[in-house]
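Coordinate analysis (summary)
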Amino acid sequence: MSDLQHPESRSFELVADVYERARPGYPPEAVAWIADRLDLREGRTVLDLGAGTGKLTRALLQTGARVIAVEPGDAMRAQLERAAPGAETLRGSAEQIPLPDAGVDAIAVGQAFHWFRHDEAIPELHRVLGPGGGVALVWNSRDPDNPLHKEIGELIAPFVPPDRPDAEEWPRPLRESELFGPLEEQRFEFVQVLDTDTLAERIASVSFVAAAPAEARRELDASLRRVAERLGGRVDFPYVTAAYVSFAV
């Protein structure tokens, strides 16, 4: 596991292949909004920071921009290199971005900003951005009002760390930084269709589940499979995607 990673995020290295199989990409409408606000196009360079297995990287490549993907985890980065060969892939972290000052026009962060050590990372984001550059943060979150997610939430409640911040708080460090301007926000909805196996894998890819003892994970896996089979073995798994953009000042 990488020494560059946040300690709590290292569990993703245990399930990189599961993450790649079971996690969704991002809705095209969200990517289009980010691309429009950050002016992503041919001739521009965007950094995908904390790129994971390349879920956002693949979408950014479609904009025509040059994409540099930075990921600390070796297992996650191996998946990324296979999935997005058109990107330039580097080992690094938000706190140690391996790029020169003003080296990119924009930064995108998918599903990762809440893992950063913000007092170190936010100045690094500002350092590598060129004049007028912007940062996009995006998260796919389970829809808390959906009955399926309420049931899953009860199953995984024993695994959730007691000090885990609410998702609505995740962008707050950027909002409060004097290095960046106001946050613009948009929300999008989409549904991922999962079978029994991919539902179990989707929840297995959650960081605090991946880090749990093996017996607890086996019991959760069995419970999730019972839920899926009760629903006919094909489950609509709805998400709310929150996207934020802010520009360097």
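Look above for the structure.
Below or above, wherever it landed, is the structure these notes cover. Source: prediction; values computed, not measured. (Residues numbered from 1 in each chain as written. Predicted model: local features only at pLDDT ≥ 70, side-chain atom pairs only at ≥ 80, totals over all residues. Heavy atoms only, no water.)

**Focus: the overall build of the protein**
- Each helix and strand counted, the protein has 10 helices and 7 strands in total.
- Taking 18 Å as the expected radius of gyration for a compact globule of 249 residues, we find that the protein reaches 18 Å, a close match to that expectation.
- Principal axes of the C-alpha set define a box for the protein whose edges measure 55 × 35 × 35 Å.
- With 249 residues in all, the protein has 55% of them scored as buried.
- Accessible area of the protein: about 11300 Å², with a carbon and sulfur share of 49%.
- On the protein, the mean spot of the 27 positive side-chain charges and the mean spot of the 41 negative ones are 3 Å from each other. (Helix = DSSP H or I, 4+ residues; strand = E, 2+ residues; numbered from the N terminus. Rg over C-alpha atoms; globule rule 2.2 N^0.38 Å. Buried < 20%, exposed > 50% of the residue type's maximum accessible area, 1.4 Å probe, protein only. Areas by Shrake-Rupley, 256 points an atom, 1.4 Å probe, with all protein chains shown as cover. Lys, Arg positive; Asp, Glu negative; His and termini not counted. Charge placed at Lys NZ, Arg CZ, Asp CG, Glu CD.)

**A short note on the nonpolar core**
- Grouped together as the largest cluster of nonpolar side chains are 27 residues, with contacts concentrated most on L47, L49 and I107.
- Put simply, the parts of the chain that give this core at least two residues each are strand 1 (45–49), strand 2 (66–70), strand 4 (104–110), helix 5 (118–128), strand 5 (129–142) and strand 7 (234–247).
- Setting aside anything within four residues of it in sequence, one finds I107 in contact with L38, V46, L47, L49, L125, V128, L129, G134, V135 and A136.
- Y26, V67, V138 and A243 belong to the second largest nonpolar core, which has 26 residues in total. (Core = buried A, V, L, I, M, F, W, Y, C linked by side-chain atoms within 4.5 Å. Contact = heavy atoms within 4.5 Å.)

**Regarding the sheet that holds strand 3 (residues 88–90)**
- Judged by pairing direction, the sheet is mixed, and its 7 strands sit side by side in the order 3-2-1-4-5-7-6 without closing on themselves. Since the sheet does not close on itself, it has two edges, and those belong to strand 3 and strand 6 (184–195), each with one partner. Within this sheet the neighbouring strands show an average axis-to-axis angle of 20 degrees, counted without direction.
- Relative to strand 7, strand 6 is paired through 12 bridges, and the arrangement is antiparallel. What sits directly across from V191, in strand 7, is P238. (Pairing = 2+ DSSP bridges. Axes fitted to C-alpha atoms, helices over the stretch in contact; angles between N-to-C directions.)

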